[in-house]
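Residues per chain are reported as follows:
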Amino acid sequence: MQNKVPSLKNIAECNQNDDSEDVPHKRSNSNRSFKLPSVKIQKPFSAIPKKRTDVIKWNGWGYNDSKFVVKDGIICFTGKRYPIGELELPYFTEWAKKLLNVDPSKLCLPCEIPLDDFFPKTTINEDFLSEIINLKIDYSVDGFERLTRSHGQTLHDIYALRRDMDSIHRIPDIVLWPCSHEDVLHIVTLADTYNVVIIPYGGGTSVSGAVSCPESEKRTICSLDTSQMNNILWLDKKNLLVCCQTGLVGQDLESFLQERGFTCGHEPDSYEFSTVGGWVATRASGMKKNVYGNIEDLLVNVKLVTPKGVLSKEGLYPRQSTGPDLNHIVLGSEGTLGVITEVILKIRPVAPIKKYGSIVFPYFDAGVACMREVARQRCQPASIRLMDNEQFQFGQTLRPKNSSYWSSFTENFKKAYLKHIKGFDLNLICVATLLFEGEKDQVEQQENLIYKIAKDCGGIPAGENNGERGYMLTFVIAYIRDLGLDFNIVAESFETSVPWDRTLTVCRNVKYIVRKKCKDFGIKYYLISHRVTQTYDCGSCVYFYFAFNWEGLSDPVATYGDIESAAREEILRCGGSLSHHHGVGKLRARWYPKQISQLGANLYNTTKQFLDPKNIFACQNLLPLKSNL
């Protein structure tokens, strides 16, 4: 795009003063250049610094100061970032003992940060490095910096870091920190010239193996860390658009917008750590997609730097009918075609009312019937999620011991009411959590309609507190896996999207397959549960959690892989998708060609060949090596 940005002074002033006039204004041309303005908005505070390990774990999920630990035989959660922080969790402790046979006294400490002589030797293209130095682009060949950008958050990744570091053989040879689109242009050009591999790295939250290094790759591998590309480039209040660099972390984008009365509304479970570029690269979905949309609904424009040049569209049109939408070449490309550097996203004014709710159903089928009817009538709140009984029971354990007679009495009364008055079996009930956002009358209307639908399906309201607690615990659950690995428990999640008439079949069949495989492997203690996390006109997203005690198994990660693969095969047989929002990466690449047809695979390979003929972006995501170039 060649159009210049008008009124740069007004753009900068507007974003320094929230009460000033919307920008840009008084245009003679309806288009706006995607080019970085010469006057920048003040850079947002970054929750994740350049030295990531100062704040977040190098061998696990989340913040360094937030984790599950065992003190005097009781599981606790540290830090004050989450509602359960600094609390003892005796019910969770007993649950872990009973269901997974955890012995809190038998702690296996994770591996320490390795010494310098541990890290695989670097393979550096000296000419490439010399050019990078001349361009004054920050880089590092430090072993620990390379290691921390060699993985995402798969079970395989974290198990290797905490329990089996000798299994780590290939990590990036060099880490680069570009600060701008122009820096990335230079890096990609040099990589193409000197035949250096680039693996883009954002927030490191991938659960598909997308950022891991192929062990067969002999060329220099560069981890292109986008964390310093975290500027807001402009904010357009009138047209409700924001332009930002793609290394911007989700919570930083949201903080910037909220301070000015706006929201992006995209809130995946990983939103505290994942980046805008990662959202686009994996076709991400957020918990509030019912109001704000998935990332493909929010994306207006994107810049992708490839060895053949920059892919981007002209203009900021609300919609156009001009052939295939090239945004969709970038969405879900998972680092295989280029580096995403800048995006323009839709935003909305912050809703004046935000209210939680919850509904108890006598059994899961009734809850799904309610979810289906809510979707059919298109009255979904910002978020509506249905957990099965196993997750309900688990969620109940993540609370401190009642500290007073009254709170204990209240809890017992609720159980007695459900069991004796309503006739619910506590071992079958399931719970839906709700989040409403909007104008007061909209929220009230939505509440009334949804609770009426729930009543018709046999459900009863269960209060705002339960809804808010269930919603916020989503951000804590990911921390549990790290604790489990210290007690010989492996755990992971996997998901799918599926038509409504197959939703219950997928839920039942996957549980059956997992239980059967656990029996075959001699696994006595395990958990398999699911929740419906997203609803659409024609189907739902089902999210599974699976954990087991690996006592007696020589390779728990491989065993987990075998069981999850069997579950995935069953999902596909039942009409479910390969992924709803986790992406393909390397973990699910073997199923990808069949999902898109041979012609689709050929079309992807042709695109890859045109944009990246030397296979500079050789992360091997999406298509297996034999099908790739």
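About the thresholds
- Residues numbered from 1 in each chain as written.
- Predicted model: local features only at pLDDT ≥ 70, side-chain atom pairs only at ≥ 80, totals over all residues.
- Heavy atoms only, no water.
- Helix = DSSP H or I, 4+ residues; strand = E, 2+ residues; numbered from the N terminus.
- Contact = heavy atoms within 4.5 Å.
- Areas by Shrake-Rupley, 256 points an atom, 1.4 Å probe, with all protein chains shown as cover.
- Pairing = 2+ DSSP bridges.
- Buried < 20%, exposed > 50% of the residue type's maximum accessible area, 1.4 Å probe, protein only.
- Salt bridge = Lys/Arg side-chain N within 4 Å of Asp/Glu carboxyl O.
- Polar contact = N/O pair within 3.5 Å; in protein donor to acceptor, adjacent residues only side chain to side chain.
- Axes fitted to C-alpha atoms, helices over the stretch in contact; angles between N-to-C directions.
- Core = buried A, V, L, I, M, F, W, Y, C linked by side-chain atoms within 4.5 Å.
- Phe/Tyr/Trp six-rings, centres within 6.5 Å; stacked < 30°, edge-to-face > 60°.
- Lys NZ or Arg CZ within 6 Å of the ring centre and 35° of its normal.

## Topic: the overall build of the protein chain
Piece 1. Of regular secondary structure, the protein chain possesses 20 helices and 21 strands.
Piece 2. Pairs at least 24 apart in sequence give 76% of the contacts found in the protein chain among residues at least 6 apart.
Piece 3. Looking at the protein chain as shown, the accessible area adds up to about 27,400 Å², and 51% of this sits on carbon and sulfur atoms.

## Remarks on the sheet that holds strand S20 (residues 526-535)
Piece 1. Ordered by their spatial adjacency, seven strands build an open sheet running S18-S15-S17-S16-S20-S21-S19, and the pairing between neighbours is antiparallel. Looking along the sheet, the strands with just one partner apiece sit at the ends: strand S18 (460-461) and strand S19 (489-499).
Piece 2. As defined by bridge partners, strand S16 (residues 383-387) adjoins strand S17 (residues 430-438) across five bridges and the pair is classed as antiparallel. Among the inter-strand pairings, Ile-384 is bridged to a residue of S17, identified as Leu-434.

## Describing helix H7 (residues 250-259)
Piece 1. For H7, the tally of buried residues reaches seven of 10 residues, placing the bulk of the element in the interior.
Piece 2. Among the residues of H7, Gly-250, Gln-251, Asp-252, Leu-253, Glu-254, Phe-256 and Leu-257 are the ones counted as buried.

## A few points about the pattern of salt bridges
Piece 1. All chains considered together, the criterion is met by 28 salt bridges.
Piece 2. Residue Glu-444 is joined to Lys-440 by a salt bridge in which the shortest nitrogen-to-oxygen separation is 2.6 Å. Taken together, the positions of Glu-444 and Lys-440, both in helix H15 (residues 440-456) and four residues apart, correspond to about one turn of that helix.
Piece 3. A relative accessible area of 36% places Glu-444 in the partly exposed class.

## A short note on the side chain of Asn-615
Piece 1. You can see Asn-615 is positioned in the segment after helix H20 (592-611).
Piece 2. When its relative accessible area of 12% is taken as the criterion, Asn-615 is described as buried.
Piece 3. A polar atom in the side chain of Asn-615 sits 3.1 Å from the side chain of Lys-608.

## Focus: the sheet that holds strand S3 (residues 87-88)
What links the strands of a sheet is backbone hydrogen bonding, and the strands pair in either a parallel or an antiparallel sense.
Piece 1. If you walk across this open sheet you meet the three strands as S1-S2-S3, and the pairing is antiparallel. Edge strands, defined here as strands with exactly one partner in the open sheet, are strand S1 (68-71) and S3.
Piece 2. Inspection of the sheet shows S1 paired to strand S2 (residues 74-77) by four bridges, in the antiparallel sense. Counted as the bridge partner of Phe-68 is Phe-77 from S2.
Piece 3. Contacting S1, S2 and S3, helix H2 (residues 90-100) runs over the sheet at an angle of about 125° to S2.

## Some points on the nonpolar core
Piece 1. Within the largest apolar cluster, 58 residues are counted, with the highest numbers of intra-cluster contacts made by Leu-147, Phe-361, Leu-386, Phe-546 and Phe-548.
Piece 2. Among the elements that take part in this core, helix H12 (residues 364-376) stands out by supplying seven residues, more than any other.
Piece 3. In this view, Leu-147 contacts Trp-58, Pro-114, Phe-119, Leu-161, Met-165, Ile-168 and Ile-171; residues no more than four positions away in its chain are not counted.
Piece 4. Grouped together as the second largest cluster of nonpolar side chains are 40 residues, Trp-95, Val-102, Leu-473 and Tyr-479 included.

## Here's the deal with the pairing of strand S21 (residues 539-549)
Piece 1. The buried fraction of S21 amounts to 11 of the 11 residues, a majority that puts the element mostly inside the structure.
Piece 2. With 11 bridges joining them, S19 and S21 adopt antiparallel strand pairing. Bridge pairing in S21 places Phe-494 opposite Phe-544.
Piece 3. Where S20 lies against S21, nine bridges are found, and the strand directions are antiparallel. Bridge pairing links Ile-528 to Phe-546 in S21.

## A closer look at the packing of aromatic side chains
Piece 1. Inspection of every chain in the model, using the stated rule, returns 19 aromatic pairs.
Piece 2. An angle of 20° between the planes, with centres 5.2 Å apart, marks the rings of Phe-494 and Phe-544 as stacked. Of this pair, Phe-494 sits in strand S19 while Phe-544 sits in strand S21, and the two are 50 residues apart along the sequence.
Piece 3. According to the relative accessible area criterion, Phe-544 is buried, its value standing at 0%.
Piece 4. Each residue in the set Phe-68, Phe-77, Tyr-82, Phe-92, Trp-95, Phe-394 and Tyr-479 is aromatic and connected to the rest through ring pairs, giving one cluster.
Piece 5. Note that Arg-260 overlies the ring of Phe-256, its terminal NZ or CZ placed 3.8 Å from the centroid.

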